[in-house]
Amino acid sequence: MSPAGGEAPAVAVDVAVFTVLDRALQLLLVCVRRGVFAGRWALPGGRVHADETLEGAARRLLAAETGVRGIYLEQLYTFGHPERDPHGRVVSVAYFALIPHGGRFQGRAREPFPDAAWCPVARLPPLAYDHRAVVRRALGRLRAKLAYTNLVYTLLPPSFTLGELQEMYEAILGRRLDRRNFRKKILSLKVGGGSAALARRDDEE
């Protein structure tokens, strides 16, 4: 019970998982089958058990609803508007991740998890709960991290060209980048010490 005599809020987690597919940034969604939002799409997630950590709950629910396991999750933000969940007072801690799509949820690969699908971020359907706000926050964080991390490299094979790297940046940012300025910036950063190899591979093609 809360100090005011009301019932304490439930705690939930929501997970925004992004990938790049067909040169577009995509978001992993699941179809809601029950309750007020039945038929709508939502982020994977749900209630936290009393005996598990927040991240543990996020991993459990992501695996149960989509089969995605073993990925790096970053805690994003806590969403606690009193009316965010029509089923009751629920505070949600959101996580996000950027992963290679690996063929997941395409063609026959959808069969084990038919309610999960990639959806282009630029054309999202109406989402359940306050998940549109969660996605906006996650997208802002993801795009900001491009400026100071090599997070985007997780989407690429060990050997890739600067052109392929630029395509990933453009997909995540949702806009075209000047080729010359992009290459100058990347080569000056020398993220991971691989810029020289990237330049040689790119010149060979």
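Residues numbered from 1 in each chain as written. Predicted model: local features only at pLDDT ≥ 70, side-chain atom pairs only at ≥ 80, totals over all residues. Heavy atoms only, no water.

Take the overall build of the protein next. When you go through the protein residue by residue, the secondary structure sums to 5 helices and 7 strands. Secondary structure elements of the protein occur, N-terminal to C-terminal, as β-β-β-β-α-β-β-β-α-α-α-α. A total of 205 residues make up the protein; the buried ones form 45% of that total. Entry remark: accessible area of the protein is about 11300 Å², with carbon and sulfur atoms responsible for 52%. (Helix = DSSP H or I, 4+ residues; strand = E, 2+ residues; numbered from the N terminus. Buried < 20%, exposed > 50% of the residue type's maximum accessible area, 1.4 Å probe, protein only. Areas by Shrake-Rupley, 256 points an atom, 1.4 Å probe, with all protein chains shown as cover.)

Turning next to unusual backbone geometry. One non-glycine residue, Asp 22, adopts positive backbone phi at about 55°. Assignment of secondary structure puts Asp 22 in the loop between β1 (10–21) and β2 (24–31). The class of Asp 22 is exposed, set by a relative accessible area of 69%.

In terms of nonpolar packing, the biggest core is built from 38 residues, with Phe 18, Leu 27, Val 152, Leu 165 and Ile 172 touching the most fellow members. Elements with a contribution of two residues or more to this core: β1, β2, β5 (74–79), β6 (90–98), α2 (131–145), α3 (162–173) and α4 (179–189). If one sorts the elements of this core by residue count, α3 sits on top with 7 residues. Leaving out residues up to four positions away in the same chain, Val 152 has contacts with Leu 98, Leu 146, Leu 165, Met 168, Tyr 169 and Ile 172. In terms of nonpolar packing, the next biggest core, distinct from the first, is built from 21 residues, Leu 28, Val 30, Ile 71 and Trp 118 among them. (Core = buried A, V, L, I, M, F, W, Y, C linked by side-chain atoms within 4.5 Å. Contact = heavy atoms within 4.5 Å.)

Our focus in this paragraph is the packing of aromatic side chains. Tallied over the entire structure, the rule returns 4 aromatic pairs. When the ring centre of Tyr 77 is taken as reference, the NZ or CZ atom of Arg 137 above it lies at 3.7 Å. (Phe/Tyr/Trp six-rings, centres within 6.5 Å; stacked < 30°, edge-to-face > 60°. Lys NZ or Arg CZ within 6 Å of the ring centre and 35° of its normal.)

Attention now moves to the environment of Phe 105. Within the secondary structure, Phe 105 sits in the loop between β6 and β7 (116–120). Residue classification places Phe 105 among the buried residues on the basis of a relative accessible area of 7%. Through-space distance from the C-alpha of Phe 105 to that of Ala 116 is 6.8 Å; in sequence the pair is 11 residues apart.

One turn of an α-helix holds 3.6 residues; hence residues three or four places apart share an orientation. For helix α1 (residues 54–66), spanning 13 residues, the distance from its first C-alpha to its last is 18 Å, which sits close to the expected 18 Å at 1.5 Å a residue. What α1 keeps buried is the set Ala 57, Ala 58, Leu 61, Leu 62, Ala 63 and Thr 66. Against the buried residues of α1 lie β1, β2, β4 (45–47), β6 and β7. Of the residues flanking the end of α1, it is Gly 67, one or two places downstream, whose phi is positive at about 80°. (Expected span 1.5 Å × (residues − 1).)

Here the idea is simple: oppositely charged side chains can pair when their charged atoms come close. Evaluated as defined, the whole model comprises 9 salt bridges. In this structure, Arg 23 engages Glu 167 in a salt bridge whose closest nitrogen and oxygen atoms are separated by 3.0 Å. Remark: Glu 167 occurs in helix α3 and Arg 23 occurs in the loop between β1 and β2; sequence separation between them is 144 residues. Given the relative accessible area of 32%, Glu 167 is considered partly exposed. A salt bridge links Arg 59 to Glu 55, with the nearest nitrogen and oxygen atoms 3.1 Å apart. Of the two residues, Arg 59 and Glu 55 both sit in helix α1, 4 residues apart, roughly one turn of that helix. For Glu 55, a relative accessible area of 32% translates into the label partly exposed. The network of salt bridges with shared partners includes Asp 14, Arg 84 and Asp 130. (Salt bridge = Lys/Arg side-chain N within 4 Å of Asp/Glu carboxyl O.)

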